[in-house]
Amino acid sequence: YQSLLGELVGMEVVSTPTYDGGCAAGSALLMACRVTGRSRLLLASTLRADRLSQLRGFTGPAASLDVIRHDPATAAFDLADLEAKLSADIAAVYFEVAGYLGTLEPHAAEIVASAHRHGALAVVGVDPSSLGVLRAPGDYGADIVTGELQPLRIHMQAGGGQAGFIACRDGRA
């Protein structure tokens with residue numbers, strides 16, 4: 001199961017250590033802080049409100065969050081705002097493909113490249129069921145990929161069938 005998920009996301013190491021996709025994203029962002037030794041995180045402004053709240057609560061003791069503006073017409077990252085906010089204290093940039101607004105981020109590779117130029121990691125949240133038709137985040141350079149496993153048809157039982165996953169390259173994070 002984990003090796004098949006690794007193929008979908010384009011990563012070698014996959015673990016399912018968390019309750020849901022939001023917890024996985026929070027854990028991945030804290031992992032990025034530990035790996036880089038930095039304590040600021042940049043997130044897409046198009047995240048759903050409950051996910052943003054969950055990430056604020058999850059990372060609050062260790063990191064500060066800032067959001068990157070988006071183009072209101074396309075919901076795509078404002079790359080100029082991203083470049084203005086990237087600095088030597090940014091641990092990671094987080095965005096989701098497909099996004100909450102139902103859009104695909106057309107600048108995914110550029111976002112990852114910008115993060116890397118500044119020594120930050122790129123963390124991408126995905127719906128794994130979309131990766132049969134969308135490009136794997138590992139293919140455009142993502143460092144950590146997170147998501148929710150329930151869309152892969154995990155049955156709801158005994159209070160839930162949720163699980164979050166975290167994936168990364170072998171030896172990178």
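The structure under discussion appears in the preceding block.
What counts, and at which threshold
- Residues numbered from 1 in each chain as written.
- Predicted model: local features only at pLDDT ≥ 70, side-chain atom pairs only at ≥ 80, totals over all residues.
- Heavy atoms only, no water.
- Buried < 20%, exposed > 50% of the residue type's maximum accessible area, 1.4 Å probe, protein only.
- Helix = DSSP H or I, 4+ residues; strand = E, 2+ residues; numbered from the N terminus.
- Arc of directions from axis to C-beta.
- Contact = heavy atoms within 4.5 Å.
- Phe/Tyr/Trp six-rings, centres within 6.5 Å; stacked < 30°, edge-to-face > 60°.
- Core = buried A, V, L, I, M, F, W, Y, C linked by side-chain atoms within 4.5 Å.
- Salt bridge = Lys/Arg side-chain N within 4 Å of Asp/Glu carboxyl O.

### What about helix 1 (residues 2-9)?
Those residues of helix 1 not exposed but buried are Leu-5, Gly-6 and Val-9. End-on, the buried residues of helix 1 take up no more than an arc of 105°, which puts them together on one face. Opposite the packed face of helix 1, turned more than 90 degrees from it, sit the exposed residues Ser-3, Leu-4 and Glu-7. Buried positions along helix 1 lie against strand 1 (13-18), strand 5 (121-126), strand 6 (144-148) and strand 7 (164-168). Gly-10, located one to two residues past helix 1, shows a positive phi value of around 80°.

### A closer look at the packing of aromatic side chains
How two aromatic rings sit relative to each other is given by the distance of their centres and the angle of their planes. Scanning the entire structure with this criterion turns up one aromatic pair. Between Phe-77 and Phe-95 the ring centres are 5.8 Å apart and the planes differ by 65°, which places this aromatic pair in the edge-to-face class. Placement of Phe-77 in the loop between strand 3 (64-68) and helix 4 (79-85) and of Phe-95 in strand 4 (residues 90-97) is noted, with a sequence separation of 18 residues between them. Of the two residues, Phe-77 and Phe-95, both sit in the buried class.

### Focus: the nonpolar core
The biggest cluster of nonpolar side chains holds 51 residues, and the ones touching the most others in it are Leu-41 and Phe-95. Those residues in contact with Leu-41 that sit more than four places away from it in its chain are Leu-29, Cys-33, Thr-59, Ala-63, Ser-64, Leu-65, Asp-66, Ala-91 and Ala-92.

### Some remarks on helix 5 (residues 108-117)
For helix 5, the full list of buried residues reads Ala-108, Ile-111, Val-112, Ser-114 and Ala-115. Buried positions in helix 5, seen along its axis, are confined to an arc of 160° and lie on one side of it. Tucked into the core, helix 5 has its buried residues touching helix 4, strand 4 and strand 5. Just past helix 5, the residue Gly-119 takes up positive phi, approximately 75°.

### Observations regarding the pattern of salt bridges
This model, assessed by the stated rule, comprises nine salt bridges. Measuring nitrogen to oxygen at the nearest pair gives 3.1 Å for the salt bridge that ties Asp-89 to Arg-40. A residue pair is termed long-range when its members are at least 10 positions apart, and Asp-89 in the loop between helix 4 and strand 4 and Arg-40 in strand 2 (residues 40-44) qualify at 49 residues. Exposure remark for Asp-89: the relative accessible area of 32% places this residue in the partly exposed category. Look at Arg-40 and you get partly exposed, because its relative accessible area is 23%. Here Glu-96 ties to Arg-51 by a salt bridge, and the two come within 2.8 Å at their closest N and O atoms. Of this pair, Glu-96 sits in strand 4 while Arg-51 sits in helix 3 (residues 49-59), placing them 45 residues apart in sequence. By relative accessible area, Arg-51 is classed as buried at 10%. Residues participating in the shared-partner salt-bridge network are Asp-66, Arg-69, Asp-78, Asp-81 and Lys-85.

The analysis is restricted to geometry; functional conclusions fall outside its scope.
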